[in-house]
Amino acid sequence: MRQGTGEIYGVSVSHSNASVDDLEAVTVDSQRAAVESLLAAPAVEEALVLQTCNRVEAYVVAPDGGSDALSRFTDAASADAPVEMGHEESLRHLMRVAAGLESIVLGEDQILGQVRDAYEDARSVGGIGDVLEDGVMKAIHVGERARTETAINEGVVSLASAAVRLAASEVDLEGETGLVVGAGEMGTQAATALAERVDRLLVANRTVPHAEHVATTAEVEASAVALDAVEAAAEEAAVVVSATGSPDYIFDAADLADAGETFVVDIAQPRDVPPAADDLSDVTVRDLDDLETITEETRNTRRRAAERVEAMIDEEFDHLLAQYKRKRADRVISAMYESAEQVKATELRTALSKMDLDDEQQEVVESMADAIVSQLLAAPTRSLRDAAEEDDWSTINTALQLFDPDFGPDGDDVDGPAAVAQADSVEEIPEAVRDQVPAAVLEQLGDD
């Protein structure tokens, strides 16, 4: 797993701040390929891409914020669509997304699985390091807690069933035929919901056996058709719910021109139905933007549970920040002690080789060396932990540079850790190194 040295920075294009056109513009063919593209950008150490039917988001870990990589990721969207987020904002947003607070349907369950899938996709191509690991796993943990400890998802409908509710609110579906296009998770949910409203169901899919499987699960007369027969199927249907993963339009406007009065809900991203279809006199097309109204009723009933989830996120967010701080401080402290131990071991070998000591005497010398290292590093250890608690990342990063095994300002052959460990006073530390030394170390030497 990668060990990131930067912080998390994110960008979100979602239903809450962008149009369907914007979402379509930034849609990626593959989360894995998008992560690999982000990792190829300069300074990006870790990356994650989360894409659902109503959001496309990217997160990177980089020392400088990774703004160039994130800007390129969303440059196809309109200028006001992407929302950029810093480290803490990204972490909190990920928790809100996993908990369902950022979904069109408040508290819906599907998003938690999608966050898990995004994590696995990123991990499979080397995008997950210790920074994103902690952040994403905490978000998943929060999502699980939200659903087991509150009623945030009680009675909540999916996007697919919300689409059917929208259709039923505008069209009398009793005795009618419904058509679902797509046999994936969303299509299956749409078929289940639509089967409760119509007398007959058609399921169209590129792979007919998948459509047949969905049709057999429907509690109504249902049959499967091939995708190339979708025009004829639409002529039989009063309502169409389209939810494929196709990068191209499934329908042409001409496909629907002869279908008669047809109500179409397009919940695919990118869209399955071209905008021109809405200009047909007998065809009504609704998309993701229109689902906001139909889901508002459900949203209102979840407000109280959402307040509990918000408090849960505040609690878990504080735990996560403290976890990051401890890890950052522990990493520096570990490097500091490792460097000091290397210097101690080298100097002990040199000293012992010049003396004729028995085992007991040698143990005394080694114990003295251990004590010197412990006393010398005690103050900077406390100082580094305090710096982490106080978000003093300047001190932390300076210490990281100082105790890096490859430390050497501007290529000078100065061994920073050795110079500090061997110094008896501030004046004995080379000037090239002195500016890099944390104040606590200098104070300790001054006290000595």
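Residues numbered from 1 in each chain as written. Predicted model: local features only at pLDDT ≥ 70, side-chain atom pairs only at ≥ 80, totals over all residues. Heavy atoms only, no water.

A. Geometry of the pairing of strand 3 (residues 55-62). Taken across its eight residues, strand 3 has eight buried, putting it largely inside the fold. Burial of the side chains of strand 3 extends over both faces: Arg 55, Glu 57, Tyr 59 and Val 61 are buried on one face and Val 56, Ala 58, Val 60 and Ala 62 on the other. With eight bridges connecting them, strand 1 (residues 7-14) and strand 3 associate as antiparallel partners. Each bridged residue has a counterpart across the sheet, and for Val 13 the counterpart in strand 3 is Val 56. Sheet analysis places strand 2 (residues 46-52) next to strand 3, joined by seven bridges and oriented antiparallel. (Buried < 20%, exposed > 50% of the residue type's maximum accessible area, 1.4 Å probe, protein only. Helix = DSSP H or I, 4+ residues; strand = E, 2+ residues; numbered from the N terminus. Pairing = 2+ DSSP bridges.)

B. Geometry of the sheet that holds strand 7 (residues 221-226). One open sheet holds the six strands; their spatial order is 7-6-5-8-9-10, and the pairing between them is parallel. Edge positions in the sheet fall to strand 7 and strand 10 (283-286), since each has one partner strand and no second. On average, each strand axis in the sheet is inclined to that of its neighbour by 20 degrees, with strand direction left out of account. Here strand 9 (residues 262-266) pairs with strand 10 via four bridges, running parallel. What sits directly across from Phe 263, in strand 10, is Thr 284. (Axes fitted to C-alpha atoms, helices over the stretch in contact; angles between N-to-C directions.)

C. Main features of the side chain of His 15. Relative to the helices and strands, His 15 is located in the loop between strand 1 and helix 1 (20-26). Of note is the side chain of His 15, whose polar atom sits 2.8 Å from the backbone oxygen of Glu 102. (Polar contact = N/O pair within 3.5 Å; in protein donor to acceptor, adjacent residues only side chain to side chain.)

D. Broad picture of the packing of helix 6 (residues 130-149) against helix 13 (residues 303-353). In contact at an axis separation of 10 Å, helix 6 and helix 13 are set at 155 degrees when each is read in the N-to-C sense. Our classification of the angle between helix 6 and helix 13 gives roughly antiparallel. Regarding helix 6 and helix 13, the two cross each other, and that crossing is right-handed. Only Arg 308, Val 309, Met 312, Ile 313, Glu 315, Glu 316, His 319, Leu 320, Gln 323, Tyr 324 and Lys 327 of helix 13 make contact with helix 6, whose side of the interface consists of Val 131, Asp 134, Gly 135, Lys 138, His 141, Val 142, Arg 145, Ala 146 and Glu 149. Split by residue class, the contact of helix 6 with helix 13 holds eight nonpolar, four polar and eight charged. (Parallel < 35°, antiparallel > 145°, perpendicular 65-115°, else oblique. Left-handed = near helix turned anticlockwise from the far one by under 90°. Contact = heavy atoms within 4.5 Å. Nonpolar A, V, L, I, M, F, W, Y, C, P; charged D, E, K, R; others polar.)

E. Looking closely at the nonpolar core. Within the largest apolar cluster, 59 residues are counted, with the highest numbers of intra-cluster contacts made by Leu 48 and Phe 73. Leu 159, Ala 162, Ala 191 and Phe 263 belong to the second largest nonpolar core, which has 36 residues in total. (Core = buried A, V, L, I, M, F, W, Y, C linked by side-chain atoms within 4.5 Å.)

F. Geometry of the environment of Val 240. By the element assignment, Val 240 lies in strand 8 (residues 239-242). Placed 22 residues apart in sequence, Val 240 and Thr 262 show a C-alpha to C-alpha distance of 7.3 Å. Excluding its chain neighbours within four sequence positions, the residues that come into contact with Val 240 are Leu 179, Val 181, Phe 251, Thr 262, Phe 263, Val 264 and Val 265.

G. How the structure looks around the sheet that holds strand 4 (residues 83-85). The strand order across the open sheet built from four strands is 2-3-1-4, with neighbouring strands paired in antiparallel fashion. Among the strands making up the open sheet, the edge pair consists of strand 2 and strand 4. Sheet twist, expressed as the mean angle between neighbouring strand axes with direction ignored, is 10 degrees. Lying on the sheet, helix 6 is in contact with strand 1, strand 2 and strand 3; it crosses strand 2 at an angle near 35 degrees.

H. Layout of helix 2 (residues 31-39). Restricting attention to buried positions, one finds in helix 2 the residues Gln 31, Ala 34, Val 35, Leu 38 and Leu 39. Each buried residue of helix 2 sits inside an arc of 140 degrees when the element is viewed along its axis, so together they form one side. Buried-residue contacts for helix 2 involve strand 2, strand 3, helix 3 (67-73) and helix 5 (110-124). A side-chain oxygen of the first residue of helix 2 lies 3.2 Å from the backbone nitrogen of Arg 32; this N-cap is Ser 30. (Arc of directions from axis to C-beta.)

I. Just the packing of aromatic side chains, in detail. If you walk through the whole model with that rule in mind, you get zero aromatic pairs. Its guanidinium or amino end placed over the ring of Phe 317, Arg 92 lies 4.2 Å from that ring's centre, counting from NZ or CZ. (Phe/Tyr/Trp six-rings, centres within 6.5 Å; stacked < 30°, edge-to-face > 60°. Lys NZ or Arg CZ within 6 Å of the ring centre and 35° of its normal.)

J. Representation of the environment of Arg 116 in the model. Turning to its location among the elements, Arg 116 is positioned in helix 5. A residue is classified by how much of its surface remains accessible, and Arg 116, at 33% relative accessible area, is partly exposed. Sequence-wise, Arg 116 and Ala 139 are 23 residues apart; in three dimensions their C-alpha atoms are separated by 9.7 Å.

K. Representation of the pattern of salt bridges in the model. Following the criterion strictly, the structure yields 20 salt bridges and no others. A salt bridge links Glu 149 to Arg 145; its shortest N-O distance comes to 2.9 Å. Within this pair, Glu 149 and its partner Arg 145 are both found in helix 6, separated by four residues, close to a single helical turn. Among the charged side chains, a network of salt bridges with common partners joins Lys 138, Arg 145, Glu 149, Glu 315 and Glu 316. (Salt bridge = Lys/Arg side-chain N within 4 Å of Asp/Glu carboxyl O.)

L. View of the side chain of Asp 272. The residue Asp 272 is located in the loop between strand 9 and strand 10 in this model. An unpaired buried charge is present at Asp 272: no salt bridge exists, and Arg 206, the closest side chain of opposite charge, is 7.9 Å distant. Only 2.7 Å separates the side chain of Asp 272 from the side chain of Thr 244, close enough to count as a polar contact. Leaving out residues up to four positions away in the same chain, Asp 272 has contacts with Ser 242, Ala 243, Thr 244, Ser 246, Asp 248, Tyr 249, Ile 250, Phe 251 and Asp 266. (Lys, Arg positive; Asp, Glu negative; His and termini not counted.)

On their own, these measurements won't tell you what the molecule is for.
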